[in-house]
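Structural overview for review
One letter stands for each residue in the lines below.
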Amino acid sequence: MSLKDISLPFYVTTSEHDPIAEFFDPVLERAFTYDVAVGYFSTAWLRDAAHGMAEFALRGGKARWIISPELTEDDFRVLADNGACREERIRKVISRSYHELFAGLTQRTREALGWLIIDEVLTFKIGIPRNRLSGIMHAKQGQFSDDEGNRVGFLGSYNLTGGARTNWEAFSVFCDWYSEESEQRNDAIEASFGRMWQGRDPNLAVHDPRAADLSAFVEQARRSSRHYDLFPDASPEKEPQSPRVPPHFLNNGRLRDYQEEGIRNWFKNNGKGLLHMATGTGKTVTALTTVTRLNDYVTKKQAELLTIIAVPYQHLAEQWAKEAREFGYEPVLCYGGVMRWMNEAQGLLNDLRAKVKQHGMLIVVNASLRDKPFQGLIEQAPGHLLFVGDEMHNLGARNALASLPANANFRLGLSATPDRAGDEEGSTELKNYFGETVLEFGLDKAIKGGFLCRYFYYPVLVHFDDEEQLEYDELSLQISKLFAQGEKPDDKDGSEALKKLLIRRARLIGKAKSKLPALLGLLKEQGDVRHTLIYCGDSKEEEKRYIDTALERIGSGLGLRANKFTSEESNDERSRLLDQFAAGDLQVLLAIRCLDEGVDVPMTQTAYILASSTNPKEFIQRRGRVLRRFPGKERALIYDFIVTPRPEILEDKGVSNVERSLMRRELARFNEFAELAENHGEALSKIRLVKEKLRLLDY
């Protein structure tokens, strides 16, 4: 095919044309080379022009792109500085540009872009003005050629960004065969680009990417198979496909060995069982692959399968839906007002009953699962029913257990912490419902296998002041009396008075006054503060939340770019905060409990735990969030603030059971974290004296 085979307009505007459909796609389908210099580029454009880029790649095309980095005011000062360190500082700006580009992509686009780089279909350079120019490279010009030497050039206001299609933009088109003038203009564009690419333009420095700049893209691509059909197929005639495991989750057609083992064991156990998998080891993908293989089996038997996935929070429902769509499912999200989802859910069940469809999926939050409208849907479920409980430990309370569908002939439970702390009965009921554990893949195996990163653990010992110690002693005394009377704190038979006292004591530990000064000192010592996460408690002091006080001291006091991540922020605001945190625009993120389950912050390199309960579910989930792999992240650092009795109390030979009880509570988390840390011995030595004084060496 030749570029001459297509009819192109002389002048393209976004008001009158669709630039992707009417220019870029048809030209890319026929081009052999593609040179472009553009001031602004985003992979939203790559996604929009996916069809044409896929054809270009499959035909062996070669693209050279010169793009401009996003520059801040500080960056402009760097560019204006002709000192000895200028080049080194420019390199940092360039490396950051690639990091920000990577952070802004979806996983699928990262992989596709990574393969374009690996296959040398696409080569990047960064252009930065120099000498008499001091702004940004604001070019908007490009040129295509086919294997016959025909050229198509363009020049105008159009950037390669997703937003360019919604702006009023325009560019001129020059085809060699249209006129002698068009040919001369293409000569000029080609010469101009050649000077820039070869570094011969006296007022533009071009910088090749270093291997480290592109390593994140390459690493992401290497985890998937080469398949340019990752790009969406816009053909409306294409027949719908049965759900399939996306190739980028597979290596030689398989998941990771431990994932395959879990799925195999689940089927051997007649479609029942628990997947006990450490946070960050791919339990969602494992579960959806299990659903897909069961769906294949049921379909071959000419039967129907309804899959219900129950999750504790709305943001988890949205994450599951996003990944389920990658597999080819069309899930119905069931939360919020009943009228929001009931008609669609009922229609799905009708289609299954009428055999119009053979499979369907409902994703429900636990609160809606318990309500009568959804329970009515469960009772009507036709064919086979698979129930998936994500973070299934949340389903062990009495009212939640009653909502588990008894008519589900297939059951799959997922959790990094399947046992409910302090609720043996609830844990047993969950195991009776879901079945035995079919995969045990804890943190030790995940770290050893390289699926989670290694970490250093630093206990930070702090103390109560006199006032706090008195309050702690009084609360502990009241709690002891209630325990002596046979009161219990668990969900089923719990005493409200006991629960309130335990919460007050936990909050007191979380907000110990000595913690914040110690944190500020460590942040100063940290120096280059970035990708730093701080877990705070939910306590208040004179109606002001502890997290707000901490944010003021860190933001205004230390001058760090920080923000909070709590239940008060909207989903859109949370997404924006996570994007800023990933890109490095936010140095510090302060959270309460919103990051405990389901929210990914893999870029976190340093975590400070100011407050954490004695519930393993909470502190194990938090550690798992911090240990997720991320390009360029070799190790994670965890600083854990542990309240210990003051030194003068430790010297008292008559240490009371209150002090020993306080330390036992904190040691449960310490022992868990220290066991797998790279600096295990160092962490133990930090707390040994305290354990010795309190006669807790065996604890």
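Refer to the structure printed above.
Presented here is a report on the structure given in the accompanying data block. Just so you know, the residues in each chain are numbered from 1, in the order the chain's sequence is written. At least 70 in pLDDT is required for a residue's local features to be given in this predicted model, at least 80 for side-chain atom pairs to be given and counted, and no such filter applies to totals for whole chains, interfaces and linings, which use all residues. Heavy atoms throughout the structure, all of them, feed into the side-chain values; hydrogens and water do not.

1. What to know about the sheet that holds strand 6 (residues 151-156)
Here is the rule: A strand pair is defined by DSSP finding two or more bridges across the two strands. Helical segments are the DSSP runs of H or I of at least four residues, strand segments are the runs of E of at least two, and each set is numbered from the N terminus. Here, axes are lines fitted to C-alpha atoms. For helices the fit covers the stretch in contact, and angles between N-to-C directions go from 0 to 180 degrees.
With respect to topology, eight strands assemble into an open sheet ordered 1-7-6-5-2-3-4-8, the strand pairing being mixed. Two strands in the sheet have a free side with no partner beyond their single neighbour: strand 1 (11-13) and strand 8 (204-207). Neighbour to neighbour, the strand axes of the sheet diverge by 20° on average, direction disregarded. Inspection of the sheet shows strand 1 paired to strand 7 (residues 170-175) by three bridges, in the antiparallel sense. Looking at the pairing, Tyr 11 lines up with Ser 172 of strand 7.

2. A short note on the pairing of strand 13 (residues 384-390)
The test is simple: Relative accessible area decides the class of each residue, using a 1.4 Å probe on protein chains only: under 20% of the type maximum gives buried, over 50% gives exposed, and in between gives partly exposed.
Counting buried positions over the seven residues of strand 13 gives six, a clear majority of the element. Two elements, strand 10 (residues 305-311) and strand 13, share six bridges in a ladder whose sense is parallel. Bridged to Ile 309 within strand 13 is Val 388. Bridge count between strand 13 and strand 14 (residues 410-415): five bridges; the pairing is parallel. Pairing of Gly 389 across the sheet is with Gly 413, part of strand 14.

3. A few points about the packing of helix 18 (residues 466-484) against helix 19 (residues 496-510)
Geometry of a packed helix pair, given as the angle between the helix axes and the separation of the axes. Formally: The labels follow the angle: roughly parallel below 35 degrees, roughly antiparallel above 145, roughly perpendicular from 65 to 115, and oblique for the rest. In this scheme, a crossing is called left-handed if the near helix is turned counterclockwise away from the far one by less than a right angle; it is called right-handed if the turn is clockwise. Note on contacts: a residue pair is in contact if any heavy atoms of the two residues lie within 4.5 Å.
Running from N to C, helix 18 and helix 19 point in directions that differ by 155°, and their axes come no closer than 10 Å. What the angle tells us is that helix 18 and helix 19 run roughly antiparallel. In the packing of helix 18 onto helix 19, the handedness of the crossing is left-handed. Along its contact with helix 18, which presents Glu 468, Glu 471, Tyr 472, Leu 475, Ser 476, Gln 478, Ile 479, Leu 482 and Phe 483, the element helix 19 presents Ala 497, Leu 498, Leu 501, Leu 502, Arg 504, Arg 505, Leu 508 and Ile 509.

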